[in-house]
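Notes for the structure review
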Amino acid sequence: MKIWLYKIYQNRYFVLFIMLFAYVQSVYSRISVREVVNAYTFTPDAALFSLFEAGVLFIITLYFIKIWQKSNVFSTKEMLKIFGASLITHPLVMQLIGLAIALIFNKFERNFNIETFTYTTFTFFLNGFVYGSFFIAYYYHNKNKIHQQQLTNYHQALSESRINQLKAQLNPHFLFNNLNVLDQLIEEDKHKASEFLNEFADIYRYVLQATDKKLVPMHEELAFATQYFKLIQHKYGKSYQLKIESSGSGYIVPLTLQLLIENAVQHNFGSTDNPIHIKIEATDTICITNNFIPKRSSKPTSGHALQNIKEQYKLLTHDPIVIQKSDNEFCVIIPIIRTK
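The written sequence of each chain sets the order in which its residues are numbered from 1. Side-chain atom pairs in this predicted model are given and counted only at pLDDT of 80 or more, local residue features only at pLDDT of at least 70, and totals for whole chains, interfaces and linings cover all residues. Excluded from the side-chain calculation are hydrogens and water; included are all heavy atoms of the structure.

The name an unreviewed UniProt entry gives the protein is Sensor histidine kinase, with Flavobacterium soyangense as the organism.

Rendered as structure tokens:
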């Protein structure tokens, strides 16, 4: 009993709709048949019987759903089969209930003559079609909502798993590239190498923390980009220059700016006389631009890091990363994610 009461409470708005519909239907029927409006017109006895009839129909429909519905995915064929069987079974069950009541109160001849039997059977069938349509539509709407939520949860879990995999790839990438720089500095200038190592240790703490996060506040990533660029200047001096202008707020995928700064350094030849100017503008989007001076003999790169970032953004937002390239300028536009 408690289970049924709980189910009624869960679907209380649908039950209320059926009650109101049954009541309005009974009032309309009495007015159209009797063509008189009086106190009897508004009594709820007919509506209560219609509600009982609808309840019987719903139980029958649920029974057929239980034995015939094979999966959670909506199937028109299954739905029509269940609906059709319910339409046929419902009048039979209601007539059997009526027969039991007629025998108890000795009303068999009155309630089961040909004319009355035909009329009530047609009425039960018509009511079954109306209330059954309501119930089937409501039931499959709820099932579809649950199924869609399950799909959303599944895709979210899949996305988070994929994001974690992508982040796990970036951590070694960052470490490997900067250890290469450290190795070169040790040979060239041990004092610079020592400074680089101290700053690198501080920055790497951020990298370790960031790889556990799906998104970070934009101001944190901009501060990290500034710190990271100091590492670059240990090796290249003023051959590469960074300018940051920020007037927006929001969230960004961790290490995005670091990777794009790294790309600008790897693919362009900067010198003191002709430096590479890297500019980061954060407004409604983040635009990272640099003048394009390709290296004459540079090793081909896989592009995995930039592709990694693109894939993370695909999983987190519908706004794509935009890459614009001309003869003398390279620009990457990153969407700002407004909600974490």
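Moving on from the coordinates now.
**Considering the overall build of the protein**
Short version of the rule: The helix and strand labels rest on DSSP assignments: H or I over at least four residues marks a helix, E over at least two residues marks a strand, and numbering proceeds from the N terminus. Summary of the burial criterion: residues with accessible area below 20% of their type's maximum are buried, those above 50% are exposed, and those between are partly exposed, where the area comes from a 1.4 Å probe applied to protein chains only. Two residues qualify as a contact provided that any one of their heavy atoms is within 4.5 Å of a heavy atom in the partner residue. Each accessible area value is a Shrake-Rupley result obtained with a 1.4 Å probe; residue values ignore everything except the protein chains displayed when judging cover.
The secondary structure content of the protein amounts to 10 helices and 7 strands. Buried positions account for 35% of the 340 residues belonging to the protein. A separation threshold of at least 6 residues defines the contact pool for the protein, and within that pool the share at least 24 residues apart is 72%. Of the accessible surface of the protein, which amounts to about 21,200 Å², a share of 61% is contributed by carbon and sulfur atoms.

**Things to note about the pattern of salt bridges**
Quick note on the threshold: Think of a salt bridge as a Lys or Arg side-chain nitrogen and an Asp or Glu carboxyl oxygen that are within 4 Å of each other.
A complete count under the given rule lists 4 salt bridges for this structure. The shortest N-O distance in the salt bridge between glutamate 245 and lysine 243 comes to 3.3 Å. Residue classification places lysine 243 among the partly exposed residues on the basis of a relative accessible area of 47%. A salt bridge links glutamate 281 to lysine 279; the shortest N-O distance between them is 3.7 Å. The partly exposed category is assigned to lysine 279, whose relative accessible area is 26%. Put simply, Lys243, Glu245, Lys279 and Glu281 are held in one network by salt bridges that share partners.

**A word on the sheet that holds strand β6 (residues 322-325)**
Defined as follows: Paired strands, as defined in this entry, are two strands with at least two bridges between them according to DSSP. To define axes, lines are fitted to C-alpha atoms, for helices over the stretch in contact only, and angles between the resulting N-to-C directions are given on a 0 to 180 degree scale.
Sheet architecture is open: 5 strands sit in the order β2-β4-β5-β7-β6, paired in mixed fashion. Edge strands, defined here as strands with exactly one partner in the open sheet, are β2 (240-246) and β6. Neighbour-to-neighbour, the strand axes of the sheet open up by a mean angle of 10 degrees, direction not taken into account. Sheet strands in contact with helix α8 (residues 218-236) are β2, β4 (276-282) and β5 (285-291), and its direction is about 165 degrees off that of β2.

**Digging into the UniProt feature "transmembrane region" (unreviewed entry) in the protein**
Stated formally: UniProt positions are given in the numbering used here, feature names are shortened, and annotations may be inferred rather than shown by experiment.
If you check UniProt for "transmembrane region" (unreviewed entry), the listed places come out as residues 12-28, 48-68, 80-105 and 117-140 in our numbering. Note that residues 48-68 is 100% helix and 0% strand, and that its end C-alpha atoms are spaced 30 Å apart.

**Structural notes on the nonpolar core**
For soluble globular proteins, nonpolar side chains are generally found buried alongside one another. Using the following cut-off: Nonpolar cores are built from buried Ala, Val, Leu, Ile, Met, Phe, Trp, Tyr and Cys residues. Side-chain atoms within 4.5 Å join them into one set.
Counting 45 residues, the largest nonpolar core has Leu257, Ile261, Ile286, Ile288, Tyr313 and Ile334 as the members making the most contacts within it. Mapped by element, the contributors of at least two residues to this core are α6 (114-188), α7 (190-210), α8, α9 (256-267), β4, β5, α10 (304-316) and β7 (329-335). In contact with leucine 257, not counting residues within four places along its chain, are Glu221, Leu222, Ala225, Ile252, Ile280, Ile286 and Ile288. If you look at the next biggest cluster of nonpolar residues, it comprises 23 residues, including Val56, Phe64, Tyr131 and Phe135.

**Observations concerning the packing of α7 against α8**
Basically, it comes down to this: Our angle categories are set so that under 35 degrees counts as roughly parallel, over 145 as roughly antiparallel, 65 to 115 as roughly perpendicular, and the remainder as oblique. The sense of a crossing depends on the near helix, which, turned anticlockwise from the far helix by less than a right angle, makes the crossing left-handed and, turned clockwise, makes it right-handed.
Following both chains from N to C, one finds α7 and α8 inclined at 160 degrees, their axes separated by 9 Å at the closest point. The pairing of α7 with α8 is recorded here as roughly antiparallel in orientation. Note on packing geometry: the crossing formed by α7 with α8 is left-handed. Across the interface between the two elements, Lys192, Glu195, Phe196, Glu199, Phe200, Ile203, Tyr206 and Val207 from α7 touch Glu220, Glu221, Phe224, Gln227, Tyr228, Lys230, Leu231 and His234 from α8.

**Some remarks on the packing of helix α3 (residues 45-68) against helix α4 (residues 76-104)**
Short version of the rule: Charged residues are taken to be Asp, Glu, Lys and Arg, nonpolar residues to be Ala, Val, Leu, Ile, Met, Phe, Trp, Tyr, Cys and Pro, and polar residues to be all remaining types, Gly included.
Two numbers describe how α3 lies on α4: the axes approach to 8 Å, and their chain directions differ by 135 degrees. In terms of orientation, α3 lies oblique with respect to α4. Where α3 crosses over α4, the handedness of that crossing is right-handed. Of α4, the residues touching α3 (which contributes Phe49, Phe52, Glu53, Val56, Leu57, Ile60, Thr61, Phe64, Ile65 and Trp68) are Glu78, Lys81, Ile82, Ala85, Ser86, Thr89, His90, Val93, Met94 and Ile97. Each residue belonging to the contact of α3 with α4 can be placed in one class, and the counts come to 13 nonpolar, 4 polar and 3 charged.

**Quick notes on the state of the cysteines**
Selection criterion: We call a pair of cysteine sulfur atoms a disulfide when they lie within 2.5 Å.
With the rule as written, the count across this model stands at 0 disulfides. Unpaired in terms of disulfides, cysteine 287 finds its nearest cysteine sulfur in cysteine 331, a separation of 3.1 Å. Judged by its relative accessible area of 17%, cysteine 287 is buried. For cysteine 331, a relative accessible area of 5% corresponds to the buried category.

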